[in-house]
Amino acid sequence: MAGSEEESRIIREMESLNESKRKIDDEIRVLQARLLQIRQNNHSSKTYGNNLPAHHIYRYSRHLLLPSFGVEGQANLLNSSVLVVGAGGLGSPALLYLAACGLGRLGIVDHDVVELNNLHRQIIHSEAYIGRPKVESAAAACRSINSTTQIVEYKEALRATNALEIMSKYDVILDATDNAPSRYMISDCCVVLGKPLVSGAAVGLEGQLTVYNYNGGPCYRCLFPTPPPTTACQRCSDSGVLGVVPGIIGCLQALEAVKISAKVGDPLSGRMLLLDAMSARIRIVKIRGRSPQCEACGDTSPLTRQQFQKFDYESFTQSPLSTTPLKLKLLPGDARISSTEFNKKIKDAEPYVLVDVRPSHHYKIVSLPRSLNIPLSSLEDRLPEISSALKKEQECRGLESGRGTALYVVCRRGNDSQRAVEYLHKMGFSTAKDIIGGLESWTFDIDPNFPTY
Ligand SMILES: [Zn+2]
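Basis of the calculations
Residues numbered from 1 in each chain as written. Predicted model: local features only at pLDDT ≥ 70, side-chain atom pairs only at ≥ 80, totals over all residues. Helix = DSSP H or I, 4+ residues; strand = E, 2+ residues; numbered from the N terminus. Contact = placed C-beta atoms within 7 Å. UniProt positions renumbered as here; feature names shortened; annotations may be inferred. Buried ≥ 20, exposed ≤ 12 C-beta atoms within 10 Å, placed from the backbone. Domains from an automatic or database assignment. Pairing = 2+ DSSP bridges. Axes fitted to C-alpha atoms, helices over the stretch in contact; angles between N-to-C directions. Left-handed = near helix turned anticlockwise from the far one by under 90°. Parallel < 35°, antiparallel > 145°, perpendicular 65-115°, else oblique. Nonpolar A, V, L, I, M, F, W, Y, C, P; charged D, E, K, R; others polar. Core = buried A, V, L, I, M, F, W, Y, C linked by C-beta atoms within 7 Å. Right-handed = clockwise from strand over helix to strand, strands pointing away.

**Section: the environment of E314**
For step 1, the next point in the chain: If you trace the backbone, E314 turns up in helix α12 (residues 313–317).
For step 2, the next point in the chain: For E314 and G86, which are 228 residues apart along the polypeptide, the C-alpha to C-alpha distance reads 18 Å.
For step 3, the next point in the chain: Among all residues touching E314, those that are not within four sequence positions of it are P181, S319, P320 and L321.

Written out as structure tokens, the structure reads:
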């Protein structure tokens, strides 16, 4: 008991200190913005090679000492601006390096808040910012690294309605989002505005990187004129990702953005870098050039501003812009049961068999007691196991055959369980019911200590 009291006291104290820290961060932000304004207005401040202010010489000396970069590269950075769309796994490392490198202006767009299960990969955020907008957290981190770069916050989702206005203010765009509609929208907007796009992606243990719409190179639509089928579009909220993989790709995105802004080297246009983390392999493949038939950048009828603003990216890609999980409704009400009702049946000691249809690596994370793991993908082959489980339950309870033992199906969020129940009904398991909202509803309604993932 004493331990848990101390735990609560420590948590309260940390929350109060974090609150003070946030207030101090806000005050620093105001002062930094003012300082930047004074420095920018102060034309009398002496400049050196290529108009670099004196305080930049020492700060960026290791850049200046690079013969292939030098004062020209650094001065180009100072006169450039980069917009990072998404302050998540890719955006986090990219923003840290972009804040450090000496750009004139750095914009951050994101509409999400920081969550505990982001922190293993979104390294710009810290525990103190959980529940607060990612943009605020990322901007505070960037400002604490570099008070000489102007940091601009856009606490909103990028949509076809606001993208032109926001993106037109920047020289280079960095796509650090994780969904198909955003990829098409950002690429199209870059085509309309004539901006280079540094595009990165990371799922599982693989990553890829390329630069679109640069110096006559292809755009995203040149390569992918039609969107991939919805099921093929994995997102890291639903599939796993090893934290350092987006970290590597995000760093490479920052590198390409720095090269383009500083006007040095050969940006990765017309080529794609593929990272396979498990086998430690990086390949660079040549990709198709700009397509004259492309609906965005093609020769015949390039996309106009008006067409762009009216284009429905969500219906084009059949997937939503936001990361809200899918909520299917396949079954009639009497084929479903809430977690509260299910819990009551357990308490009333009613006979039942519970089938958990998640993949086995999910089942190993956490599961309900007395559940039988039969992944949806192997349901067809393993129906006899369900029959024998029902029979066994009946025998254990000493029930006469024919008296119904209930069959419940659960998954993570209540989508696959409905698919499974649909199938089970077809195969003669007419009493099968799905637990609405899956294990997430168990945590929400029954046991807050039951871990979610
Ligand atoms: Zn194109």
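**What to know about the UniProt feature "binding site: ATP" (unreviewed entry) in the chain**
For step 1, the next point in the chain: As recorded in UniProt, the sites labelled "binding site: ATP" (unreviewed entry) are G89, D110, N117, N118, L119, H120, R121, K134, D178 and N179.
For step 2, the next point in the chain: C-beta crowding within 10 Å serves as the criterion here: with 22 such atoms nearby, R121 is assigned to the buried category.
For step 3, the next point in the chain: In this structure, R121 is in contact with G89, V241, G243, P246 and G247, ignoring residues within four places of it in sequence.
For step 4, the next point in the chain: Under the C-beta neighbour-count criterion, K134 is labelled buried, with 26 such atoms within 10 Å.

**Concerning the domain arrangement of the chain**
For step 1, the next point in the chain: Domain boundaries assigned for the chain yield domain 1 (1–45), domain 2 (80–317) and domain 3 (333–446).
For step 2, the next point in the chain: Relative to domain 3, the C-alpha centre of domain 2 lies at a distance of 41 Å.

**What to know about unusual backbone geometry**
For step 1, the next point in the chain: Non-glycine residue K263 carries a positive phi angle of around 60°.
For step 2, the next point in the chain: Turning to its location among the elements, K263 is positioned in the loop between α10 (244–262) and β9 (271–276).
For step 3, the next point in the chain: Residue K263 is classed as partly exposed on the basis of its C-beta count, with 13 C-beta atoms lying within 10 Å.
For step 4, the next point in the chain: Phi is positive for A349, close to 55°, though the residue is something other than glycine.

**Points about the sheet that holds strand β15 (residues 433–435)**
For step 1, the next point in the chain: Overall, parallel pairing links the 5 strands, which are arranged β11-β15-β14-β12-β13 in an open sheet. The sheet terminates laterally at β11 (336–337) and β13 (371–373), the two strands that pair on one side only.
For step 2, the next point in the chain: Alignment of strand β12 (residues 352–356) against β13, held across 3 bridges, turns out to be parallel. Within β13, the residue paired with L354 across the bridge is S371.

**Comments concerning the UniProt feature "binding site: Zn(2+)" (unreviewed entry) in the chain**
For step 1, the next point in the chain: Cross-referencing UniProt, the feature "binding site: Zn(2+)" (unreviewed entry) maps to C219, C222, C294 and C297 in the present numbering. Taken along the chain, the residues just named run across 79 residues; in space they keep tight, none of their C-alpha pairs more than 8.5 Å apart.
For step 2, the next point in the chain: Summarising the element assignment, C222 is placed in helix α9 (residues 220–223).
For step 3, the next point in the chain: When sequence neighbours within four positions are dropped, the list of residues in contact with C222 reads R288, R290, S291, C294 and C297.
For step 4, the next point in the chain: Here C294 is to be found in the loop between β10 (281–286) and α11 (305–310).

**Regarding the packing of helix α5 (residues 91–101) against α10**
For step 1, the next point in the chain: Where α5 meets α10, the axes come as close as 7 Å, and the angle between the chain directions of the two elements is 35°. In terms of crossing hand, the pair formed by α5 and α10 is right-handed. Listed contacts from α10 to G91, S92, P93, A94, Y97, L98 and C101 of α5 are G247, G250, C251, Q253, A254, A257 and V258.

**A look at the packing of helix α13 (residues 339–347) against helix α17 (residues 438–446)**
For step 1, the next point in the chain: Two elements in contact, α13 and α17, have axes whose closest approach is 9 Å; the angle formed by their N-to-C orientations is 75°. Put simply, α13 runs roughly perpendicular to α17. Where α13 abuts α17, its residues S339, T340 and N343 lie against S441, W442, D445 and I446.
For step 2, the next point in the chain: Taken together, the residues of the contact of α13 with α17 break down into 2 nonpolar, 4 polar and 1 charged.

**Quick look at the nonpolar core**
For step 1, the next point in the chain: One finds V82, V84, L95, L98, I173 and L174 to be the most contacted residues of the largest nonpolar core, which totals 69 residues.
For step 2, the next point in the chain: Once residues lying within four places of it in the same chain are set aside, the contact partners of V84 are G91, A94, L95, L98, G107, I108, L174 and A176.
For step 3, the next point in the chain: In terms of nonpolar packing, the next biggest core, distinct from the first, is built from 21 residues, V355, I386, I435 and L439 among them.

**Observations regarding helix α4 (residues 70–78)**
For step 1, the next point in the chain: Looking only at α4, the buried set comprises G73, Q74, A75, N76, L77 and L78.
For step 2, the next point in the chain: Buried residues in α4 make contact with β2 (52–53), α2 (54–59), α3 (61–64), α5 and α10.

**Topic: the pairing of β9**
Every regular strand shows the same layout, with side chains that alternate between the two sheet faces.
For step 1, the next point in the chain: In this structure, strand β8 (residues 206–212) lies alongside β9, joined through 4 bridges in antiparallel fashion. Looking across to β9, one finds that L209 is bridged to L273.
For step 2, the next point in the chain: Relative to β10, β9 runs antiparallel, the two being bridged by 6 bridges. Residue pairing for β10: D276 is matched across the bridge by R281.

**A short note on the pairing of strand β4 (residues 105–109)**
For step 1, the next point in the chain: For β4, the tally of buried residues reaches 4 of 5 residues, placing the bulk of the element in the interior.
For step 2, the next point in the chain: In this structure, strand β3 (residues 81–85) lies alongside β4, joined through 5 bridges in parallel fashion. Pairing of V85 across the sheet is with V109, part of β4.
For step 3, the next point in the chain: Once you follow β3 into α5 and on to β4, the crossover reads as right-handed.
For step 4, the next point in the chain: Of the pairings in the sheet, the one linking β4 to strand β5 (residues 150–154) comprises 5 bridges and is parallel in character.

**Digging into the sheet that holds β9**
For step 1, the next point in the chain: Taken in spatial order, the 8 strands of this open sheet run β5-β4-β3-β6-β7-β8-β9-β10, and their pairing is mixed. Of all strands in the sheet, those with a lone pairing partner are β5 and β10, marking the two edges. Across the sheet, the axes of successive neighbouring strands diverge by a mean angle of 15°, strand direction being ignored.
For step 2, the next point in the chain: Pairing of strand β6 (residues 172–175) with strand β7 (residues 197–203), which is carried by 3 bridges, proceeds in the parallel orientation. Across the sheet, the residue bridging to D175 is S199, located in β7.
For step 3, the next point in the chain: Contacting β3, β4 and β6, α5 runs over the sheet at an angle of about 165° to β3.

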